[in-house]
Amino acid sequence: MRSLHRQEIVDCLEKGSIDLAITILPDAPTTIKRASLFHVNWLSIVSAEHPEIRDAMTLELFLKYPHVLVTHVGDLKGYIDRLLDDRGLKRTVAMSLPYALAVPAIIAQTDMICTLSANVIRLTNWPRVRSFPLPFDYFGYQETLLWHRRNDSDPGHAWLRRMLIRASETVTS
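All values derive from a computational prediction rather than experimental measurement.

About the criteria used
Residues numbered from 1 in each chain as written. Predicted model: local features only at pLDDT ≥ 70, side-chain atom pairs only at ≥ 80, totals over all residues. Heavy atoms only, no water. Phe/Tyr/Trp six-rings, centres within 6.5 Å; stacked < 30°, edge-to-face > 60°. Helix = DSSP H or I, 4+ residues; strand = E, 2+ residues; numbered from the N terminus. Buried < 20%, exposed > 50% of the residue type's maximum accessible area, 1.4 Å probe, protein only. Lys NZ or Arg CZ within 6 Å of the ring centre and 35° of its normal. Salt bridge = Lys/Arg side-chain N within 4 Å of Asp/Glu carboxyl O. 1 Å grid on protein atoms, 1.4 Å probe; cavity = no way out; pocket = protein on both sides within 12 Å on 5 of 7 lines; lining within 4 Å. Points joined across faces, edges and corners; volume = space filled by probe spheres on them. Nonpolar A, V, L, I, M, F, W, Y, C, P; charged D, E, K, R; others polar. Polar contact = N/O pair within 3.5 Å; in protein donor to acceptor, adjacent residues only side chain to side chain. Core = buried A, V, L, I, M, F, W, Y, C linked by side-chain atoms within 4.5 Å. Contact = heavy atoms within 4.5 Å. Pairing = 2+ DSSP bridges.

Engineer: What is the right way to read the packing of aromatic side chains from this model?
Structural biologist: Two numbers describe a pair of aromatic rings. These are the distance of the centres and the angle of the planes. Within this structure, the stated rule accounts for five aromatic pairs. With a centroid separation of 5.9 Å and 75 degrees between ring planes, the pair formed by Phe62 and Phe136 is classed as edge-to-face. Taken together, the residues Phe62 in helix H2 (residues 59-64) and Phe136 in the loop between strand E7 (129-133) and strand E8 (141-148) connect sequence positions 74 residues apart. The same class applies to Phe62 as to Phe136, namely buried. Ring centres of Tyr79 and Tyr141 lie 4.7 Å apart, and the angle between their planes is 55 degrees; on these two criteria the pair is classed as tilted. Taken together, the residues span a long stretch of sequence, with Tyr79 in helix H3 (residues 79-86) and Tyr141 in strand E8 at a distance of 62 residues. By relative accessible area, which is 13% here, Tyr141 ends up buried. Its guanidinium or amino end placed over the ring of Trp147, Arg161 lies 4.5 Å from that ring's centre, counting from NZ or CZ.

Engineer: Sorry if this is basic, but what is going on with the pattern of salt bridges here?
Structural biologist: Where charged atoms of side chains with opposite charge meet at close range, the side chains can pair. The full count for this structure, using the stated rule, is five salt bridges. When the shortest N-O distance is used, the salt bridge between Asp11 and Lys15 registers 3.1 Å. Of this pair, Asp11 and Lys15 are both found in helix H1 (residues 6-15), four residues apart, which corresponds to roughly one turn of the helix. On the accessibility criterion, Asp11 (37% relative accessible area) is partly exposed. We classify Lys15 as exposed; its relative accessible area is 65%.

Engineer: Before we go on, may I ask you to explain the layout of surface pockets in this structure?
Structural biologist: Vacant regions in the atomic arrangement are exposed by a probe of water-molecule size rolled over the atoms. Empty space within the largest pocket amounts to approximately 1,800 Å³. Along its surface, the largest pocket is lined by 47 residues, and Ile22, Thr23, His72, Tyr141 and Glu143 are the ones closest to its centre. Per-class residue counts for the lining of the largest pocket are 28 nonpolar, 11 polar and eight charged.

Engineer: Please explain the environment of Asp154 as it appears in this structure.
Structural biologist: Inspection of the secondary structure puts Asp154 in the loop between E8 and helix H6 (155-168). The class for Asp154 is partly exposed, based on a relative accessible area of 36%. At a separation of 3.1 Å, a polar atom in the side chain of Asp154 contacts the main-chain amide nitrogen of Gly156.

Engineer: How should I be thinking about the nonpolar core in this particular structure?
Structural biologist: Generally speaking, a soluble globular protein has its nonpolar side chains buried in company with each other. Of all hydrophobic cores here, the largest spans 25 residues; its most connected members are Trp42, Ile53, Phe62, Ile80 and Phe136. Ignoring any residue separated from it by four or fewer positions in sequence, one finds Phe62 in contact with Ser44, Met57, His67, Ile80, Leu84, Arg91, Ile113, Thr115, Leu134, Pro135 and Phe136. Of all hydrophobic cores here, the second largest spans 15 residues; its members include Val68, Ala100, Met112 and Ile121.

Engineer: I tried to follow the pairing of strand E6 (residues 113-117) on my own but got confused; where do I start?
Structural biologist: On a regular strand, one side chain projects to one face of the sheet and the next to the other, so that they alternate. The element E6 is extensively covered by neighbouring structure, given that five of its five residues are classed as buried. Relative to E6, strand E3 (residues 42-47) is paired through four bridges, and the arrangement is antiparallel. The residue bridging Ile45 from the neighbouring strand is Cys114, located in E6. As paired elements, strand E4 (residues 67-70) and E6 share two bridges and run parallel to each other. The partner of His67 across the bridge, within E6, is Ile113.

Okay, structure coming up:
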């Protein structure tokens, strides 16, 4: 398993330095095959003691407070930022970290906001935080499994793809 930046994935699949990728990459070339895995929706979490965000998350409050971004590549701009860019809006990302499990402790003690996949948030009961839907319309996205077409008929590769697709059927958004 490796963490790659989205722009590296196609090149690594083409070169054969990786066999599979799980990501959203709608503009991959035709040499890259894909299978849908599961739908991703987002929720934002804040401290249960947040000074302003109590009953609802408004767009104004979402943009007002600093954000924690969970990213395995160390970016300060993620999927939510691209959605905001499309609307001419900007949030302030104050911190990025590679692990979602560190987020609740940080959020519970600050006025920051973190937006994560609803699937991740629903994995466990996170104490001292509350979750809210995003305060703007969006459609989420379909997480996909990607591989190079040269691996289509490889039995081991096909088996692994089937296992990943089967496992993804248990994921709910």
